[in-house]
Amino acid sequence: MKDIQKRMPEPELIFDKSRPGRIGCNVPVCETPEVDLAATVGETRTELHLPEIGELDVMRHFVNLSHINYGIETGFYPLGSCTMKYNPRVNEMTAAMPGFAKLHPMQPVETIPGAMDILMGVQEMLVEITGFSEITLQPLAGAHGEMTCLMLIKAYHTSRGEGERNLVVIPNTAHGTNPASAARCGYDVVSIGTNEDGNTDLDDLQKVLDKHGPQIAALMLTNPSTLGLFEPNIERICELVHGVGGQVFCDGANMNAMVGTTRPGDHGFDCMHLNLHKTFSTPHGGGGPGCGAIGLKHHLEPFLPKPVIRRSGTAIVADYDRPQSIGRVSAFYGQFLMEVRAYTYLRAFGKQYMSDISRHAVLNANYVRARIKDVLPPAHERPCMHEVVVTAEKYKKQHGVRALDISKRLIDYGFHPPTNYFPLIVPECLMIEPTETESKETLDSFCDALISICRESEVAPDLLHEAPTSQIVGRLDETMAVKNLDVRWRTGGDVVIDGGPKREFAKGEGLEGVRSDTVPRDS
Ligand SMILES: *Cc1c(COP(=O)(O)O)cnc(C)c1O
């Protein structure tokens, strides 16, 4: 724990550093004759309002900003459900190779055999890992993969004259993207419960199926679930849903727990999505562009997004002749350089080590679970998979300390907090996913910090209520930025760069805990 009470210096905006006349780049002397644009097209010049600053100061400004950013490369990042594993640098080296990075998406397929090899190679490895017969790499994020699966399911039902099926069943532990994807595809959602053991409540499912059978289009099941538990009744669940004519989708965002051990395609699922940015070490992006590859069984194959990348004799072709296809879900073949990164990762580790990776992810989560169970008991008394969900309920009841306060205090100890308050059914929960890339020493120091914070919450709860005190900002109002987006820079109340309509702040309204000069000056 370093310098907890000492706040970092407040960073200035680059505009604050601007001094008239300073310049950070050398523009070569113009060798072509100047043209008077104003004479031909009218006056085109407006003030750009760019900061005027020297090159070294620009460099320092951005390097310093990067130092106050927290990422997987600066510290432990146990954000449950997100699989914040290290993305090996070799992935970046291959993705930057000019033969891949400089391809043009309109290039004829015959001129890019290497790229086609990569696409086909990733598809074939994912077929083997998931147990599905087809893979498409087009979807650009996990949620996009979910939506694509539901579109395939819809096309399938429609092709059989059952397009009127309008309900999707989703357990109450699901990630928010599941109901969002269902709604996006025009489905209504029916929620089902979770039993005391943390498994899908089969009685509840049976009731829903009895009541709505002919209307059920699909069930979306996450395995391992967001409780970090392996769902033991998958085969039964698939049987029940298939019994009423529904399809079963697997949310495979948690595949990092299972690679090389078991395959959703063998469990009875009809389709699934994968998050290459979670399981296969490509960078996380805010909802894309990444890759949310999907796998599916043969009966859904006719509806695949086109083009379908497949083998034809010794060639690899992009097949557009797909009369029943749902069409494209992204431009071209998806986010190609993500596929290069995933290919590199898969080939670098190979079959044996890919399953070791999953086993280590599970081992690390169970290690954390065992080390902290006396202070933060797990929500369910059984071994977890790649992440562990624990509850801080007793601290709330006894000392008024919430899971959120524990998370904020972790920041003062130098750690990124775990996921808070998800899944929704566990009170005061923290969802910890260490991933396989963390050493025992890192896990130990994180567990020590949690144990120490739990002690603090008994003897000095205010330390937690006030945390974090080591950062540039304290506690932010987490919804204000959404309600009152403000992306303008102002000087002395004047709007200099206009990013949207002016809005009024009520008295006392603003960003709680934010340093004063980021609170808009017209408030
Ligand atoms: C991350 C995640 C998703 C969504 O993936 P995105 O790539 O963020 O869209 C869906 N389900 C679960 C369980 C997840 O953890």
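Criteria and cut-off values
- Residues numbered from 1 in each chain as written.
- Predicted model: local features only at pLDDT ≥ 70, side-chain atom pairs only at ≥ 80, totals over all residues.
- Heavy atoms only, no water.
- Pairing = 2+ DSSP bridges.
- Helix = DSSP H or I, 4+ residues; strand = E, 2+ residues; numbered from the N terminus.
- Buried < 20%, exposed > 50% of the residue type's maximum accessible area, 1.4 Å probe, protein only.
- Phe/Tyr/Trp six-rings, centres within 6.5 Å; stacked < 30°, edge-to-face > 60°.
- Lys NZ or Arg CZ within 6 Å of the ring centre and 35° of its normal.
- Core = buried A, V, L, I, M, F, W, Y, C linked by side-chain atoms within 4.5 Å.
- Contact = heavy atoms within 4.5 Å.
- Near = heavy atom within 4 Å.
- Polar contact = N/O pair within 3.5 Å; in protein donor to acceptor, adjacent residues only side chain to side chain.
- Areas by Shrake-Rupley, 256 points an atom, 1.4 Å probe, with all protein chains shown as cover.
- Nonpolar A, V, L, I, M, F, W, Y, C, P; charged D, E, K, R; others polar.
- Arc of directions from axis to C-beta.
- Salt bridge = Lys/Arg side-chain N within 4 Å of Asp/Glu carboxyl O.
- pLDDT = per-residue confidence, 0-100.
- Axes fitted to C-alpha atoms, helices over the stretch in contact; angles between N-to-C directions.
- Parallel < 35°, antiparallel > 145°, perpendicular 65-115°, else oblique.
- Left-handed = near helix turned anticlockwise from the far one by under 90°.

## Description of the pairing of strand E8 (residues 308-312)
Move 1: Here E8 pairs with strand E9 (residues 315-319) via 5 bridges, running antiparallel. Paired with Arg 311 across the strands is Ile 316, a residue of E9.
Move 2: The antiparallel hairpin formed by E8 and E9 contains 2 residues in its connecting segment, where Gly 313 sits at a positive phi of about 65°.

## Points about the pairing of strand E2 (residues 167-171)
Move 1: Of all the 5 residues making up E2, 5 are buried; the element is thus mostly covered by neighbouring parts of the structure.
Move 2: Every second residue of E2 is oriented toward a common face, with Leu 167, Val 169 and Pro 171 on one face and Val 168 and Ile 170 on the other, all of them buried.
Move 3: As paired elements, E2 and strand E3 (residues 188-192) share 5 bridges and run parallel to each other. Across the sheet, residue Val 168 finds its bridge partner in E3, namely Val 189.

## Remarks on the packing of aromatic side chains
Move 1: Evaluated as defined, the whole model comprises 6 aromatic pairs.
Move 2: Between Phe 76 and Phe 446, the aromatic rings sit 4.9 Å apart at their centres with planes inclined by 70°, giving edge-to-face as the arrangement. Pair noted here: Phe 76 is in the loop between helix H2 (55-67) and helix H3 (89-95) and Phe 446 is in helix H15 (residues 440-459), with a separation of 370 residues, a long-range link. Just as Phe 76 is buried, Phe 446 falls in that class too.
Move 3: Counting every residue linked through ring pairs, the aromatic cluster contains Phe 76, Phe 415 and Phe 446.
Move 4: It is Lys 154 that lies over the ring of Tyr 187; its NZ or CZ is 4.7 Å from the centre.

## Comments concerning the nonpolar core
Move 1: Leu 126, Leu 205, Leu 219 and Phe 280 are the most contacted members of the largest nonpolar core, which has 57 residues in total.
Move 2: The residues contacting Leu 219, other than those within four sequence positions of it, are Val 169, Ile 192, Leu 205, Ile 237, Val 241, Gln 247, Val 248 and Phe 249.
Move 3: Counting residues in hydrophobic clusters, the runner-up holds 28 residues, among them Leu 410, Cys 447, Ile 453 and Leu 464.

## Points about the site of the ligand
Move 1: Close to the ligand lie Ser 81, Ala 141, Gly 142, Ala 143, Glu 146, His 175, Thr 177, Asp 251, Ala 253, Asn 275, His 277 and Lys 278.
Move 2: Taking His 277, its side chain carries an N or O atom lying 2.8 Å from an oxygen atom of the ligand.
Move 3: Contact with the protein chains covers 89% of the free accessible surface of the ligand, which is 380 Å².
Move 4: Within the residue set of the shell around the ligand, elements represented by two or more residues are helix H6 (142-159) and helix H11 (276-279).
Move 5: Take the shell around the ligand: its biggest share by element is 3 residues, from H6.
Move 6: Class assignment of the residues belonging to the shell around the ligand gives a composition of 3 nonpolar, 6 polar and 3 charged.

## Here we look at helix H7 (residues 177-184)
Move 1: Every buried residue belonging to H7 is among Asn 178, Ser 181 and Ala 182, and all of these are buried. Taken around the axis of H7, the buried residues stretch over an arc of 100°, which confines them to a single face.
Move 2: Just downstream of H7, Gly 186 is the residue with a positive phi angle, here 85°.

## Quick notes on the environment of Asp 201
Move 1: Along the chain, Asp 201 turns up in the loop between E3 and helix H8 (202-212).
Move 2: Between the C-alpha atom of Asp 201 and that of Pro 171, which follows or precedes it by 30 residues, the distance is 8.5 Å.
Move 3: Beyond its immediate chain neighbours, meaning those up to four positions away, Asp 201 contacts Gly 193, Thr 194 and Asn 195.

## A short note on the pattern of salt bridges
Move 1: Taken as a whole and assessed by the stated rule, the structure comprises 23 salt bridges.
Move 2: With a closest N to O distance of 2.9 Å, Asp 444 and Arg 371 form a salt bridge. With Asp 444 in helix H15 and Arg 371 in helix H12 (residues 336-372), this residue pair connects regions lying 73 residues apart in the sequence.
Move 3: With a closest N to O distance of 3.5 Å, Glu 428 and Lys 396 form a salt bridge. Here Lys 396 lies in helix H13 (residues 393-399) and Glu 428 lies in the loop between strand E11 (419-420) and strand E12 (429-432), a separation of 32 residues in the sequence.
Move 4: By relative accessible area, which is 7% here, Glu 428 ends up buried.
Move 5: With a relative accessible area of 41%, Lys 396 lands in the partly exposed category.

## Section: the confidence of the model for the protein
Move 1: Per-residue pLDDT for the protein averages 90, and the proportion of residues at 70 or more is 91%.
Move 2: Taken together, the stretch residues 1-6 has pLDDT below 50 and engages in 9 contacts with residues farther than four places along the chain or on a different chain.
Move 3: Residue range residues 493-523 is modelled with pLDDT below 50. Its contacts to residues more than four positions away, or to other chains, number 55 contacts.

## Some thoughts on the packing of H12 against H15
Angle between the axes and distance between the axes are the two parameters that describe a pair of packed helices.
Move 1: Put simply, H12 and H15 touch, their axes get as near as 10 Å, and they point 30° apart. Taken together, the axes of H12 and H15 lie roughly parallel to each other. Seen along the crossing, H12 lies across H15 with a hand that is right-handed. Facing H12, whose interface residues are Asn 364, Tyr 367, Val 368, Arg 371 and Ile 372, H15 presents Lys 440, Leu 443, Asp 444, Phe 446, Cys 447, Asp 448, Leu 450 and Ile 451.

## Things to note about the side chain of Asn 275
Move 1: When you line up the elements, Asn 275 lands in the loop between strand E6 (271-273) and H11.
Move 2: Within the structure, Asn 275 has its side chain in polar contact with the side chain of His 273 (distance 2.6 Å).
Move 3: Ignoring sequence-local partners within four residues, the contact set of Asn 275 consists of Gly 142, Ala 253, Phe 280 and Cys 291.

## Quick look at the sheet that holds strand E7 (residues 294-296)
Move 1: Across the sheet, which stays open at both edges, the 7 strands sit in the order E1-E7-E6-E5-E4-E2-E3 with mixed pairing between neighbours. The open sheet is flanked by strand E1 (134-136) and E3, the only strands paired with a single partner. Across the sheet, the mean angle separating the axes of adjacent strands is 20° when strand polarity is ignored.
Move 2: Looking at chain direction, E6 and E7 are connected through 3 bridges and run antiparallel. Paired with His 273 across the strands is Ile 294, a residue of E7.
Move 3: Contacting E1 and E6, helix H5 (residues 113-130) runs over the sheet at an angle of about 125° to E1.

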